[in-house]
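Each chain is listed here by its residues.
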Amino acid sequence: MDIPFIIGGILAVVLLRALVRRLLYPRPLPGIPFDKEAAKRIAGDLPTIAAVYKELTEWSTPIGRRSLQFGSPIHQLFMNPFTKPIVMVDDPREVSDIALRRSKEFDRSTATGIWQTFIPYSTIAQSTTPEWRAQRKTWQDTMHPDFLRRVVAKNIYASAKDLTKLWEVRYLHSSGHPVDVSGDFSFAALDAIWTATFGERLDTVKAQIQMLETGKTVKTKGLDMHSTVGYINDLANAWRGSFWPALTQWRIQRSSNYRRYMEVKDREVDRILLDASARFQQLLDGSSDGDEHDTCAMDLVLRRNMLAAQKAGKPLPDPTKDVRLRDELLLFIYAGHDTTSITLQWFVKFMANNQEAQTKLREALRSTFPGDSLPDVTDLITRDVPYLNATIEETIRCAGTVGRILRVATTDTEIFGHKIPAGTQITALTTSRWHPAPVPEEQRSPTSRAALEKSGGADWTRKPNAQDLEKFAPERWFKIDENGDEVFDSNAMIQNAFGGGARGCFGRRLAMMELRIMITLTVMSFKFLPVPPELNSFQATEQLLRPPTQCFVKLEAA
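Note that the structure is a prediction, hence the values are computed from the model and not measured.

Each value, and the rule that gives it
Residues numbered from 1 in each chain as written. Predicted model: local features only at pLDDT ≥ 70, side-chain atom pairs only at ≥ 80, totals over all residues. Heavy atoms only, no water. Helix = DSSP H or I, 4+ residues; strand = E, 2+ residues; numbered from the N terminus. Expected span 1.5 Å × (residues − 1). Buried < 20%, exposed > 50% of the residue type's maximum accessible area, 1.4 Å probe, protein only. Pairing = 2+ DSSP bridges. Axes fitted to C-alpha atoms, helices over the stretch in contact; angles between N-to-C directions. Contact = heavy atoms within 4.5 Å. Salt bridge = Lys/Arg side-chain N within 4 Å of Asp/Glu carboxyl O. Polar contact = N/O pair within 3.5 Å; in protein donor to acceptor, adjacent residues only side chain to side chain. Parallel < 35°, antiparallel > 145°, perpendicular 65-115°, else oblique. Phe/Tyr/Trp six-rings, centres within 6.5 Å; stacked < 30°, edge-to-face > 60°. Lys NZ or Arg CZ within 6 Å of the ring centre and 35° of its normal. Nonpolar A, V, L, I, M, F, W, Y, C, P; charged D, E, K, R; others polar. Patch = residues over 30% accessible without salt bridge, like charges linked within 9 Å, V, L, I, M, F, W, Y side chains within 5 Å. Areas by Shrake-Rupley, 256 points an atom, 1.4 Å probe, with all protein chains shown as cover.

*Asks:* Got a sec to walk through helix 19 (residues 386–399)? Specific residues and values, please.
*Replies:* Compared with the 20 Å implied by 1.5 Å per residue over 14 residues, the 20 Å span of helix 19 between its first and last C-alpha is a close match. Counting buried residues along helix 19, 13 of its 14 residues qualify, which places the element largely inside the surrounding structure. Positive phi shows up at glycine 400, right after helix 19, with a value of about 60 degrees.

*Asks:* Give me the lowdown on the sheet that holds strand 3 (residues 106–108), citing residues and values where you can.
*Replies:* The strands making up a sheet are joined through hydrogen bonds of the backbone, oriented either antiparallel or parallel. In spatial order, the strands read 1-2-8-5-3; together these five strands make up an open sheet with mixed pairing. On the outer flanks of this sheet lie strand 1 (74–77) and strand 3, each paired with one strand and no other. Direction aside, neighbouring strands of the sheet carry axes that sit 35 degrees apart on average. Two elements, strand 5 (residues 404–409) and strand 8 (residues 425–429), share five bridges in a ladder whose sense is antiparallel. Pairing of isoleucine 405 across the sheet is with alanine 428, part of strand 8. Of the strands in this sheet, strand 2 (86–89), strand 3, strand 5 and strand 8 are in contact with helix 5 (residues 92–101), which crosses strand 5 at around 55 degrees.

*Asks:* Please set out the pattern of salt bridges residue by residue, giving values where relevant.
*Replies:* For the coordinates displayed, the defined rule picks out 31 salt bridges. The residue aspartate 141 makes a salt bridge to arginine 304 at a minimum N-O spacing of 2.7 Å. Linking aspartate 141 in the loop between helix 7 (130–139) and helix 8 (145–174) with arginine 304 in helix 15 (residues 297–311), this pair joins segments that are 163 residues apart in sequence. As a salt-bridge pair, lysine 419 and glutamate 414 come within 2.8 Å of each other at their nearest N and O atoms. We classify lysine 419 as exposed; its relative accessible area is 57%. Sharing partners across several salt bridges, the network here consists of Asp91, Arg93, Glu94, Glu441 and Arg444.

*Asks:* I'd love a proper account of unusual backbone geometry, names of residues and values included.
*Replies:* In this model, phenylalanine 416 sits at a positive phi of 55 degrees, which is unusual for a non-glycine residue. On the secondary structure map, phenylalanine 416 appears in the loop between strand 6 (413–415) and strand 7 (418–420). The exposure class of phenylalanine 416 is buried, given its relative accessible area of 4%.

*Asks:* So what about the pairing of strand 12 (residues 552–557)? Which residues, and what values?
*Replies:* Strand direction decides the pairing type here: strand 4 (residues 179–180) and strand 12, joined by two bridges, are antiparallel. Paired with aspartate 180 across the two strands is phenylalanine 552, which belongs to strand 12.

*Asks:* Lay out the sheet that holds strand 11 (residues 526–529) with the relevant residues and their values.
*Replies:* Read across the sheet, three strands follow the order 4-12-11 without closing on themselves; strand pairing throughout is antiparallel. Among the strands making up the open sheet, the edge pair consists of strand 4 and strand 11. Both strand 11 and strand 12 contribute to a ladder of four bridges, which runs antiparallel. The residue bridging leucine 529 from the neighbouring strand is lysine 554, located in strand 12.

*Asks:* For helix 16 (residues 323–353), give the residues involved together with the corresponding values.
*Replies:* Look at helix 16: 45 Å from first C-alpha to last across 31 residues, which is about the 45 Å you get at 1.5 Å a residue. For helix 16, the tally of buried residues reaches 26 of 31 residues, placing the bulk of the element in the interior. Where helix 16 begins, one side-chain oxygen reaches toward the backbone nitrogen of arginine 324, 3.2 Å away; that side chain belongs to aspartate 322.

*Asks:* Explain the packing of helix 16 against helix 17 (residues 355–368) to me, using residue names and the numbers behind them.
*Replies:* One can describe the packing of helix 16 onto helix 17 by two numbers: an axis separation of 5 Å at closest approach and a directional angle of 105 degrees. The orientation of helix 16 with respect to helix 17, classified from their angle, is roughly perpendicular. On the side of helix 16, the interface is formed by Phe347, Met351, Ala352 and Asn353, while helix 17 contributes Gln355, Ala357, Gln358 and Leu361.

*Asks:* So what's going on with the packing of aromatic side chains? Which residues, and what values?
*Replies:* If you walk through the whole model with that rule in mind, you get 16 aromatic pairs. With a centroid separation of 4.4 Å and 20 degrees between ring planes, the pair formed by tyrosine 231 and tyrosine 261 is classed as stacked. Of the two residues, tyrosine 231 sits in helix 11 (residues 221–234) while tyrosine 261 sits in helix 14 (residues 256–283), which places them 30 residues apart along the sequence. The exposure class of tyrosine 231 is buried, given its relative accessible area of 11%. Chaining the aromatic ring pairs together yields one cluster made of Trp167, Phe185, Phe347, Phe526 and Phe528. Here lysine 36 stacks its cationic end above the ring of phenylalanine 34, 5.3 Å away from the centre of that ring. Above the ring of tryptophan 434, the side-chain terminus of arginine 65 is found at 4.4 Å from the ring centroid.

*Asks:* Quick rundown of the packing of helix 9 (residues 182–198) against helix 11? Include the residues and the values.
*Replies:* Where helix 9 meets helix 11, the axes come as close as 11 Å, and the angle between the chain directions of the two elements is 100 degrees. Our classification of the angle between helix 9 and helix 11 gives roughly perpendicular. Counted together, Ser186, Phe187, Leu190 and Trp194 of helix 9 and Gly222, Leu223, Met225, His226 and Val229 of helix 11 form the full contact between these two elements. Class assignment of the residues belonging to the contact of helix 9 with helix 11 gives a composition of six nonpolar, three polar and no charged.

*Asks:* Please set out a nonpolar patch on the surface residue by residue, giving values where relevant.
*Replies:* Where nonpolar side chains cluster on the molecular surface, the patch consists of Trp244, Leu247 and Trp250 and spans about 370 Å² of accessible area. With respect to the helices, strands and loops of the structure, tryptophan 250 is situated in helix 13 (residues 245–253). Residue classification places tryptophan 250 among the partly exposed residues on the basis of a relative accessible area of 48%.

*Asks:* Help me get a handle on the side chain of serine 159, residues and values and all.
*Replies:* Summarising the element assignment, serine 159 is placed in helix 8. Leave out the neighbours within four places in its chain, and serine 159 touches Ala188, Asp191, Ala192 and Met518.

*Asks:* An account of the side chain of aspartate 91 is needed here, citing residue identities and associated values.
*Replies:* With respect to the secondary-structure elements, aspartate 91 resides in the loop between strand 2 and helix 5. Given a relative accessible area of 1%, aspartate 91 falls into the buried group. Non-local contacts of aspartate 91, meaning those with residues more than four positions away in its chain, are made with Pro73, Phe416, Pro436 and Arg444.

This is how it looks when you write it as structure tokens:
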């Protein structure tokens, strides 16, 4: 046999193998810890993540906590061939710094996922561009405190009252046994956010009451929309183990389930937009801006768009053709529903397992709102209740509803002194439920060090209120002021659940108002008694967000 031919064949095999390894196998970023076994597989960390999820039904927290094993608050994951590693940051202080102060180096990630598939023209699915800023500005007044108080609060209050009525019925039918209320929170949160967004009631909670009282199934458009929102959340699992995200997106968009749910969503949104457009055409005669007719977020933006067209002498726009308007409205629903619902599910679990905190909260509420009746909505959103504020913050901290925020490096930069190339995806854990692995101060970013010095130079992990982080303790959110009084301190702990900076959660004020109203009315109406261990798991089932696997409560009239 020809010797050169053999040598050429060997070289070809060697080169092909090297090419395959370079293209398909993980290529770690220098200096950042990683799982050495994962680096030997084309699938990288995906098998490990799948195994962890199979055992624990969540992956972000247990995989994120590998930083403690590595002894480093930063490590890297290998998720897909042909892509850079994903860098995971487990350090609340540095996560806050990236979100708040380093927007020129890190932007919101727009990698293929849920938002890019379902609402690609919404602000959450876009990079921070001039177009994004213009779109955000269009909607900014929907989160203005005055608009929330004047228009939105009463609708949330009505949904919360419906929830207490549902629980009265559940209590009567429960015979003293624990009941699963996860669905109740989901229905109540959807009723609240739907009315706040579109100005009409879905009445899904009232449908549940009717079904309990009659034993008959009730069909409503609200239940159809609830199924649609649930479908979005369930699909998050499709991306968790996706070897090729773009292919996953392509397959989903061609499935019968996707087409069916999109049809339901489009039909309802088109109907509401056309009805509102017809209403404003009659009202906008040029004599006023018509803001007194705003009943929801959609009204405010749609009316202003129509008024601007009228003043410019242009034809009134067809809102059903405005893809940015449609997607942003749906973002209100998708992002605002599950976050509130899931946080409330964790809340009742914390209350049932911390009877002293529950009693202190109820006493604080009754002291602020004396009398036999529930407070009206105006008093509820304007009166200060420090222990309520602390309970909400502690619930958000312990719940971990939004387990991580996603960013992408827009330029070559560094995290903890490690080189991060432009285009690298960053997964930043939002939790502060454990102390991160220590890191020398000189390895932190200049902005992080400057912020620490400005705040007094104290390491947050050494503060008394930052100990025993696995415990639910609203008291950690209080401090002693200059007069020696104990006062609520919203900055007592680092809280990254809402992100921060320009790409922080747009609906934070709305979410906090929902939590305040829902928690106040339920705690003043019911006691949450302990439930048996078999119904009291604190395991989570991670999807798009992180709901508890079980949410049983034993109700008793307060």
